[in-house]
Amino acid sequence: MASERTVIGVDIGGTKIAAALLRARPPEAASGAPVARETPVILDRFTVLTDAGSTQACLDGMVACIADLAHGSGRVEGIGVGVASMVDFAAGHIVESVNLPLVDVPLRDLLQRRFGVPVVIDNDATAAAVGEHAFGAGVGAREMLMLTLGTGVGGGIICSGRPYRGFSGAAAELGHIIIDVNGPKCPANCPNHGCLEAYVAGPAMAAAAAAAAAAQPDSGLGRALAEGHAVDSRLLTRLGLEGDAGAVAVLARLGEYLGAGLVTLVNIFNPEVIVIGGGAAAAGELLLGPARGVLQARGSRPARDQVRVVPAALGPDAGFIGAAALVLSELLPDDVCASS
Ligand SMILES: [Zn+2]
């Protein structure tokens, strides 16, 4: 069994940078045999607001965060960075970003020079998928997909035990599969209409909740609206989990859209497991149950009967744990590829 490593995982989002110093073993190759799930030990953690005002300010915040964690830790062996942008993994820089002023900045080389250890940079949703595959709900699977429902819908593909990034790092945009060609304009930086993201990301859930609140003033959502509460995905989830019938019905409808997306993904990828994570997925079975129902009714056999659709296991720490898992698997790449 591989020995424990000390690494830093960094999750760079549009609003905050969350980083942690972790000790963990590199994940074992998925060989079909049962693999024990080992949770990384978080030795220290740090969160700062992202300063997106300029490239330099953004970099300074990130470097200060990492330096703080590295200071006094003795031996950091690698740094993994997951970033909410399109990343050229091989080149180690960001190709396109909506919220971060880091496009074309040689981020990997810059951090490598500054800290003197191997650095890996990847898209945050791919990092989250690598984290769930290494330490969470996808442990032991060779074929895994992950959807992260947040402000947008992030996607990650694990193919033959390895992250799949496509020709130029632009693959796994699973949030932009089409649910309805005549549907609403995609809210992301995407020219498409009716994408999965337009139905099950946090803002879409908030819009569905607000519409239900306006249509049914006597419902829990309607009363919350009348009382001046923010009718968002968080309120929708809370009311749903409390058993409010109106909120449960809205979540079920959204879950059916999610299920329609899963049908497409299962028919293409034939995965063993699909992990659903992100803050907007906090309603759990209220979304996943109806999603599985649509998958069962409309997916093709045998793939629809073989796949498990499960909630993510790593919670709000998934970003930096995934980034750490990335650098761990890149530190010992032969271990991970051995069964391919
Ligand atoms: Zn889209």
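Residues numbered from 1 in each chain as written. Predicted model: local features only at pLDDT ≥ 70, side-chain atom pairs only at ≥ 80, totals over all residues. Heavy atoms only, no water.

### Considerations on the sheet that holds strand E11 (residues 273-277)
And step 1. The strand order across the open sheet formed by 5 strands is E10-E9-E8-E11-E12, and the pairing between neighbours is mixed. Of all strands in the sheet, those with a lone pairing partner are strand E10 (162-163) and strand E12 (308-311), marking the two edges.
And step 2. Pairing of strand E8 (residues 144-149) with E11 involves 5 bridges; the strand directions are parallel. Residue pairing for E11: threonine 148 is matched across the bridge by glycine 277. (Pairing = 2+ DSSP bridges. Helix = DSSP H or I, 4+ residues; strand = E, 2+ residues; numbered from the N terminus.)

### Brief notes about the pairing of strand E6 (residues 93-96)
And step 1. Note that strand E5 (residues 86-88) and E6 share 3 bridges and pair antiparallel. Each residue of the ladder has a partner; that of methionine 86, found in E6, is glutamate 96.
And step 2. Linking two consecutive strands that pair antiparallel, namely E5 and E6, is a turn of 4 residues; a positive phi of about 75 degrees is found at glycine 92 within it.

### Focus on the pairing of E8
And step 1. Counting buried positions along E8 gives 5 out of 6 residues, so the element sits mostly inside the fold.
And step 2. Between E8 and strand E9 (residues 153-159), which pair antiparallel one after the other, the connecting turn spans 3 residues. (Buried < 20%, exposed > 50% of the residue type's maximum accessible area, 1.4 Å probe, protein only.)

### Considerations on the domain arrangement of the protein
And step 1. As assigned here, the protein comprises domain 1 (5-135 + 316-337) and domain 2 (144-312).
And step 2. Taking only C-alpha atoms into account, the centre of domain 1 sits 26 Å from that of domain 2.
And step 3. Contact with domain 1, which involves 19 residues of that partner, is made by 18 residues of domain 2.
And step 4. At the boundary of domain 1 with domain 2, total buried surface from both sides reaches about 1500 Å², with 63% on carbon and sulfur atoms.
And step 5. Linking domain 1 to domain 2 there are 1 residue pair in polar contact (both at pLDDT 80 or more).
And step 6. Mapped by element, the contributors of at least two residues to the side of domain 1 that touches domain 2 are E5, strand E7 (119-123), helix H3 (124-135), helix H11 (318-331) and helix H12 (333-337).
And step 7. Element by element, the count of residues in the side of domain 1 that touches domain 2 is highest for H3, at 7 residues.
And step 8. Split into classes, the residues belonging to the side of domain 1 that touches domain 2 amount to 11 nonpolar, 3 polar and 5 charged. (Domains from an automatic or database assignment. Contact = heavy atoms within 4.5 Å. Buried area = accessible area lost by both parts, 1.4 Å probe. Polar contact = N/O pair within 3.5 Å; in protein donor to acceptor, adjacent residues only side chain to side chain. Nonpolar A, V, L, I, M, F, W, Y, C, P; charged D, E, K, R; others polar.)

### Describing the packing of helix H1 (residues 55-70) against helix H2 (residues 107-115)
And step 1. Between H1 and H2, the least distance of the axes is 12 Å, while the angle of their chain directions is 40 degrees. One way to sum up the angle between H1 and H2 is to call them oblique. Crossing of H1 over H2 shows right-handed handedness. Across the interface between the two elements, Leu59, Met62, Val63, Ile66 and Ala67 from H1 touch Leu107, Leu110, Leu111, Arg114 and Phe115 from H2. (Axes fitted to C-alpha atoms, helices over the stretch in contact; angles between N-to-C directions. Parallel < 35°, antiparallel > 145°, perpendicular 65-115°, else oblique. Left-handed = near helix turned anticlockwise from the far one by under 90°.)

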